[in-house]
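Take a look at the letters that make up each chain.
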Amino acid sequence: QVQLVESGGGLVQAGGSLRLSCAASGRPFGRYAMGWFRQGAGKEREFVAAISWSGGNTYYAESVKGRFTISRDNAKLTVYLQMNSLKPEDTAVYYCAAKTLDMTSNPRDYDYWGQGTQVTVSS
């Protein structure tokens, strides 16, 4: 069993930056791929970014490519999402998630989820 807790959300102006953290506990991090997803009001949950267990491979949604960076520190059992050049359309609840085996962009592939953290970007 793996527990995930997100933090770092808040209110920021368009063009600003924010860093989200996701702390894991319960089991060793091991060979889990990690992902970030977001869900805006009245919208479907969508893929944002994913990272392999080693941190050597990453994948981003086209809408955030070049602006967001996913990383992980396995010694600290923590995954990060650095968000730069934020836009109002980035406003959403952001969730981290974990899965075994390879990275995917499908939320239904992920086994463990955090509670979410709100990110609001004002224009």
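This text follows the structure it describes.
A brief look at the structure comes next. (Residues numbered from 1 in each chain as written. Predicted model: local features only at pLDDT ≥ 70, side-chain atom pairs only at ≥ 80, totals over all residues. Heavy atoms only, no water.)

## Comments concerning the nonpolar core
With 33 residues, the main nonpolar core has Trp 36, Leu 81, Met 83 and Tyr 94 as its most contacted residues. Put simply, the parts of the chain that give this core at least two residues each are strand E3 (18–25), strand E4 (32–39), strand E5 (46–51), strand E7 (68–73), strand E8 (78–83), strand E9 (92–100) and strand E11 (117–122). (Core = buried A, V, L, I, M, F, W, Y, C linked by side-chain atoms within 4.5 Å. Buried < 20%, exposed > 50% of the residue type's maximum accessible area, 1.4 Å probe, protein only. Helix = DSSP H or I, 4+ residues; strand = E, 2+ residues; numbered from the N terminus.)

## Some thoughts on the state of the cysteines
In the structure shown here, the tally under the stated rule is 1 disulfide. Residue Cys 22 pairs covalently with Cys 96 via a disulfide, S to S 2.0 Å. The disulfide joining Cys 22 to Cys 96 has a torsion of about 55° about its S-S bond and is therefore right-handed. Placement of the pair is Cys 22 in strand E3 and Cys 96 in strand E9, with a sequence separation of 74 residues. Judged on exposure class, the residue Cys 22 and its partner Cys 96 are both buried. (Disulfide = S-S within 2.5 Å.)

## Describing the environment of Glu 46
Relative to the assigned elements, Glu 46 resides in strand E5. The sequence separation of Glu 46 and Trp 36 amounts to 10 residues, and the corresponding C-alpha distance is 8.9 Å. Residues in contact with Glu 46, not counting those within four places in the same chain, are Phe 37 and Arg 38. Within the structure, Glu 46 has its side chain in polar contact with the side chain of Arg 38 (distance 2.7 Å). (Contact = heavy atoms within 4.5 Å. Polar contact = N/O pair within 3.5 Å; in protein donor to acceptor, adjacent residues only side chain to side chain.)

## A few points about the pattern of salt bridges
As enumerated under the stated definition, the model contains 4 salt bridges in all. Among the ionic pairs, Arg 38 bridges to Glu 46, the shortest N-O distance being 2.7 Å. Note on Glu 46: relative accessible area 35%, which makes it partly exposed. Shared partners join several salt bridges into a network, and the residues in it are Arg 38, Glu 46, Arg 67 and Asp 90. (Salt bridge = Lys/Arg side-chain N within 4 Å of Asp/Glu carboxyl O.)

## Quick word on unusual backbone geometry
Its identity is not glycine, yet Leu 77 carries a phi of approximately 55°, on the positive side. By the element assignment, Leu 77 lies in the loop between E7 and E8. Here Leu 101, not a glycine, exhibits a phi torsion of approximately 65°, which is positive.

## Points about the sheet that holds E7
Taken together, the 4 strands give an open sheet; going across it, the order is E1-E3-E8-E7, and neighbouring strands pair in antiparallel fashion. Both outer strands of the open sheet, strand E1 (3–7) and E7, are each paired with one neighbouring strand and no more. Averaged over all adjacent pairs, the angle separating strand axes in this sheet is 15°, with direction ignored. Of the pairings in the sheet, the one linking E3 to E8 comprises 6 bridges and is antiparallel in character. Residue pairing for E8: Ala 23 is matched across the bridge by Thr 78. (Pairing = 2+ DSSP bridges. Axes fitted to C-alpha atoms, helices over the stretch in contact; angles between N-to-C directions.)

The values are spatial; any link to function lies outside them.
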